[in-house]
Amino acid sequence: MKNIYRYFKYIGAAAAVMTGFAMTSCEETPGKFELADGVPTVYYVRPVDVDASDSLLTGAYMDNQICLVGDNLRSIYQLWFNDQQAILNTSYMTDNTLIVTVPGTIPGVVSDKMYMITAARDTVTYDFSVIVPGPTVSSMSCEYAEAGSVATLYGNYFVDDPNVPLEIMFSGDVPVTEIQSVSMSEITFVVPEGAEEGPVTVTTVYGEQQGYFHYLDSRGYLFDFDEGGTGLSNHGWHNRVIASEGGIRGNYVQLGDGSTAMSADGGWNDSQFAFEYWPGDWSTPTSYPADGLRLTDLVDFSDFENMSLKFEMYIPSSNPWSAGTMQLIFAGTDKVSYGNAGTDIYGNTMAGPNNTYFQDDVLPRGFYRPWSDTGSFDTGDEWITVTVPFSDFTYGFSGAQATGTLSADDFASLNIFVVGGGLTGTECTPIIRIDNIRAVPNR
């Protein structure tokens, strides 16, 4: 306790001046807020939610809002939780109540107290614990990273306590033995030998969590472009390059050849920048051979609102991407198929091959264009995992909000086409390699 009191004793005028600035605007507005004299008294702390206001709190999670109830609370000039200063919003301060958000930074010195400091430098303490959550494991830089390669986990509350070090465990009870760096939201590490397909678990002094994604995820496989896989590949008007050199797991499909230009407005070029898979064959009525299955025959899309499209992607630094939108377009056989128009063996409507079904703002599709944040994008000569939730499939061809809706039957086909999207970039000659296309549950 001696250290924490010494800390407040020497915060000095600099902190006071800085906090004073936060209140200046209110002090210059007559009748809105005036800092009170005297010292505050806190009777209790409660949730902000009116429905739960009868519950008294002795602690709260970081980044949660709480309400202090007492007297003369307008005299509080600074409010600290342990050794972390809270931001005071004078709009939420009255004589009897003060609403504040618990700081989101993990305390360095834990005293389990609030410190209320007045303008006269008087300090009033109140017992209150800041609860640090267990880790949140959101994603992995590449879910197919090879053993021995460096990967990154993303999430929050990655606390590497010197007394209780952070741990990472892969499926198969395989621990990570080489952690290179840890921050609150990222862990960089070497993927261990023997790691098996499945979730990844992070454990800290504050708890543990298993990520919802899977390492080497084979759930919901649609395309792997390898023999012995789903067997699905090019199945439309254009045959994209299927290659293996520099792949992450066997074969991959490639958009662009490294010399063909993509115009700044993402002009139409389906001969180079489109991968088509349309189900069916040329029999009458249409049937579905092994290489022409409906994607709905492979994966259950009945809960697609709670699923995501995932794939691994590689864009070499020599051929970055800076124009056009990767439009991720699913459609039912009533909109497109690879065979005669008419009906299939089940009596369903078959539209036949066409490229008109997606050229308006009716059919919702996903957009992916990471270059728009920085002007240019490549993956640093590494493979990464891309995730696009189906709940984000809301765009039309032009980039406007789509007017139609998706149903589970609309996931029979897939077209990945880098084109248009309503945003102008800069001309480029991109190479985009894609592998392990899958549809997986979000949780």
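Throughout what follows, the structure given in this document is the object of discussion. All of these numbers come straight from a predicted model, not from anything done at the bench. All residue numbers refer to positions counted from 1 along the written sequence of the respective chain. Only residues with pLDDT of at least 70 are given local features in this predicted model, and only at 80 or more are side-chain atom pairs given and counted; all residues enter the totals for whole chains, interfaces and linings. Hydrogens and water molecules were not included; the side-chain quantities draw on all heavy atoms of the structure.

### So, the overall build of the protein chain
The cut-off we apply is this: Helix and strand labels come from DSSP, where a helix needs a run of H or I of at least four residues and a strand needs a run of E of at least two; each type is numbered from the N terminus. Put simply, the radius of gyration uses C-alpha atoms, and a globule should come to 2.2 Å times the residue count raised to 0.38. Burial classes: relative accessible area under 20% of the type maximum marks a residue as buried, over 50% as exposed, and values in between as partly exposed (1.4 Å probe, protein chains only). All accessible-area figures derive from a Shrake-Rupley calculation using a 1.4 Å probe, and residue coverage is judged against the displayed protein chains alone.
Within the protein chain, the secondary structure is distributed over four helices and 29 strands. Computed over its C-alpha atoms, the radius of gyration of the protein chain comes to 28 Å, more than 25% above the 22 Å expected for a compact globule of 443 residues. Oriented by its inertia axes, the alpha-carbon framework of the protein chain measures out at about 90 × 50 × 45 Å. Within the span of the protein chain, comprising 443 residues, buried residues form 49% of the whole. Summed over its atoms, the accessible surface of the protein chain is roughly 19800 Å², and 48% of this surface lies on carbon and sulfur atoms.

### A look at the sheet that holds strand E1 (residues 41-47)
Under the convention used in this document: Should DSSP find at least two bridges between two strands, the strands are taken to pair. Axis lines are fitted through C-alpha atoms, for helices just across the contact stretch, and the angle between N-to-C directions can take any value from 0 to 180 degrees.
Taking strand neighbours across the sheet as the criterion, the three strands line up as E1-E3-E6 in an open arrangement whose pairing is antiparallel. Lying at the two open borders of the sheet, with one neighbouring strand each, are E1 and strand E6 (97-101). Strand-to-strand twist across the sheet, computed as the mean angle between neighbouring axes with direction ignored, equals 30°. Relative to strand E3 (residues 65-71), E1 is paired through six bridges, and the arrangement is antiparallel. When the sheet's bridge partners are listed, Arg46 is paired in E3 with Cys67.

### Details of unusual backbone geometry
Glycine aside, residues mostly have negative phi angles, and peptide bonds mostly take the trans form. Between Thr284 and the following residue, Pro285, the backbone shows a cis peptide bond with an omega angle of -5°. Mapped onto the elements, Pro285 comes out in the loop between strand E21 (274-277) and strand E22 (307-314). Even without being a glycine, Phe225 presents a positive backbone phi close to 60°. Locating Phe225 in the fold gives a position in the loop between strand E18 (221-223) and strand E19 (241-243). For Phe225, a relative accessible area of 6% corresponds to the buried category. Non-glycine residue Asp381 carries a positive phi angle of around 60°.

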